[in-house]
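Each chain is listed here by its residues.
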Amino acid sequence: STPLIASPARTQAIINRYGLAIKKSLGQNFLTDINILEHIVQAADLSPQDNVIEIGPGIGALTEFLAQNSHQVLAFEIDDQLIPVLSETLSQYDNVTVLNQDILKANLGEVIAEHFEPGRPLKLVANLPYYITTPILMNVLQSGISFDAITVMMQKEVADRLVAVPGTKAYGSLSIAVQYQTNAAVSFMVPRTAFIPQPNVDSAIVTMTKREPLAVLPFDERVFAKFVKGSFMHRRKSFWNNLLAMFGKDPDVKTRLTAVLERVQISPQIRSEKLRLEQFIELVNELHADGL
Ligand code: SAM
């Protein structure tokens, strides 16, 4: 059915009617392009069975499309001034709940258990606040909540990092954290003109779906995450120098590190950005087996 919120004219009218002060510090860029919103719903592959989590509903442009295409929507909005706006703009939809909460402080698992009946597909769809894209994604991925699909808009450069392959500049610990759990792909780009106000960056929609299980898992996920981060700490240095920065330069430690690298057939002079996910897993397991 026809949207009530998105469109540049309606968005501007809502901003004026409530005298909204748009907060750049909260990453407020409201989507006004109906075409883009339809594409997001398609990319999210929504069905009337789905329970949907949204982060940052703003004035409700995307929320409305989610409400029309899913079973139930639960949205987290940090900005108090938007709560009365949302209850009016979304008043036609009885399947939306807006929580006035900081997503980085929310206990997602608890909130989901409280609001959603179990057994339905669970999806996350959002036009993210760009200033906290990485912490939001890391929290979501580490929450242990099993999302059937995550479809989120972010700054293009961050999207590039999520989907980056080994040997490229964008490849790093974020790529590995995301690809460890999901199949991530860029669905499409979104121009600045699709928002009010326009952001200073280009945007992309990324879809993340459950990945096929890995053949070998790290002995401990936290240690693995720390090890990957440490490997990319000094990007201009070799993998070896990053290893020494993590494990110390004690001669005995050096000898053992060298032996582990030989065993897994990785050259110390390689750059961390050349190492594949499976190699990081193998390395962390071998180092652990060696007591390092
Ligand atoms: N979904 C709307 C749209 O597409 O038009 C708005 C998207 S806007 C890019 C990001 C939204 O996230 C803003 O409404 C902002 O207030 C909200 N936000 C910022 N930080 C947040 C946080 N820590 N927790 C929850 N929402 C947050």
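Since this is a predicted model, take the numbers as computed values, not measurements. (Residues numbered from 1 in each chain as written. Predicted model: local features only at pLDDT ≥ 70, side-chain atom pairs only at ≥ 80, totals over all residues.)

What follows covers the UniProt feature "domain: Ribosomal RNA adenine methylase transferase N-terminal" (unreviewed entry) in the chain. In the UniProt entry, the feature "domain: Ribosomal RNA adenine methylase transferase N-terminal" (unreviewed entry) is given for residues 36–212. Secondary structure over residues 36–212 splits into 34% helix and 26% strand, and the C-alpha atoms at its two ends are 29 Å apart. (UniProt positions renumbered as here; feature names shortened; annotations may be inferred. Helix = DSSP H or I, 4+ residues; strand = E, 2+ residues; numbered from the N terminus.)

Our next topic: the site of the ligand. Neighbouring the ligand are 22 residues; Phe30, Gly56, Gly58, Asn127 and Pro129 lie closest to it. Taken together, the elements giving at least two residues each to the shell around the ligand come down to β1 (30–31) and α3 (61–69). Of the residues assigned to the shell around the ligand, the class counts are 13 nonpolar, 6 polar and 3 charged. (Near = placed C-beta within 6 Å. Nonpolar A, V, L, I, M, F, W, Y, C, P; charged D, E, K, R; others polar.)

Where helix α2 (residues 34–43) contacts α3, the two axes come as close as 10 Å, and the packing angle between them is 45°. The angle between the axes of α2 and α3 places the two elements in the oblique class. Of the two elements, α2 crosses α3, and the hand of that crossing is right-handed. Between α2 and α3, the residues in contact are Leu37, Ile40 and Val41 and Ala61, Leu62, Phe65 and Asn69, respectively. Looking at the contact of α2 with α3 residue by residue, the classes come out as 6 nonpolar, 1 polar and no charged. (Axes fitted to C-alpha atoms, helices over the stretch in contact; angles between N-to-C directions. Parallel < 35°, antiparallel > 145°, perpendicular 65-115°, else oblique. Left-handed = near helix turned anticlockwise from the far one by under 90°. Contact = placed C-beta atoms within 7 Å.)

The sheet built from 7 strands is open, its strands ordered β4-β3-β2-β5-β6-β9-β7 with mixed pairing. The open sheet has two edge strands, β4 (96–99) and β7 (182–190), and neither has a second partner. In this sheet, neighbouring strand axes are inclined to one another by 20° on average, regardless of whether the strands run parallel or antiparallel. Alignment of strand β5 (residues 122–127) against strand β6 (residues 149–155), held across 5 bridges, turns out to be parallel. Residue pairing for β6: Ala126 is matched across the bridge by Val152. (Pairing = 2+ DSSP bridges.)

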